[in-house]
Amino acid sequence: MVIPDKTIFIQGLNFVVMIFLLNVVLIRPIREIIKKRKGLMADQLEKIETFNASAKEKVAGYEAQLTEARKEAGEIRNAAKDAGVAEEQALLAEAGKEASSLIKANRAEIQSEVKVAMEQLTKDVYDYAEQATGKILGQA
């Protein structure tokens, strides 16, 4: 059992002084360091949020530019395709005209050759007919 005497007051005073000294030497500096760290973390968190917001804006801008570039590329591709189709049709029309004129020229040439051949055959038929009648009459 503890018997209270005058040392209890000295120990109480010693306890109060130690709490005061520990507060001054240890607790206050640690609280200040903790406050500084909280402030630093809050500042860095704010910077991170600002950076993230800026990055999102840049990504959105890049995506918009990419979409616009894809749209322009599609328009250019379609224009080139349309130009190619038009050129193809023009070339086909030109080739059709050339083929038509070539066919007409060949038909005319064939007709003239047929006419010459017919005249030659007609002449040959008359010659053969004369020879045949000459042989028939000559034998009879």
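Everything that follows concerns the structure shown earlier in this document.
Residues numbered from 1 in each chain as written. Predicted model: local features only at pLDDT ≥ 70, side-chain atom pairs only at ≥ 80, totals over all residues. Heavy atoms only, no water.

**Concerning the overall build of the chain**
For the chain, the count of helices and strands is one helix and zero strands. In terms of C-alpha radius of gyration, the chain reaches 58 Å, well past the compact-globule figure of 14 Å for 140 residues. When the backbone C-alpha atoms are referred to their principal axes, the chain occupies close to 185 × 35 × 20 Å. Expressed as a percentage of its 140 residues, the buried residues of the chain come to 1%. (Helix = DSSP H or I, 4+ residues; strand = E, 2+ residues; numbered from the N terminus. Rg over C-alpha atoms; globule rule 2.2 N^0.38 Å. Buried < 20%, exposed > 50% of the residue type's maximum accessible area, 1.4 Å probe, protein only.)

**Focus: the pattern of salt bridges**
Tallied over the entire structure, the rule returns one salt bridge. Among the salt bridges present, the one from Asp-43 reaches Lys-47, with a minimum N-O distance of 3.8 Å. With a gap of four residues between them, Asp-43 and Lys-47 both fall in helix H1 (residues 7-139), about one helical turn apart. (Salt bridge = Lys/Arg side-chain N within 4 Å of Asp/Glu carboxyl O.)

**A closer look at a nonpolar patch on the surface**
Together, Leu-13, Val-17, Met-18, Phe-20, Leu-21, Leu-22, Val-24, Val-25, Leu-26, Ile-27, Ile-30 and Ile-34 give the surface a local cluster of nonpolar side chains, amounting to about 1,100 Å² of exposed area. By secondary structure assignment, the location of Ile-30 is in helix H1. (Patch = residues over 30% accessible without salt bridge, like charges linked within 9 Å, V, L, I, M, F, W, Y side chains within 5 Å. Areas by Shrake-Rupley, 256 points an atom, 1.4 Å probe, with all protein chains shown as cover.)

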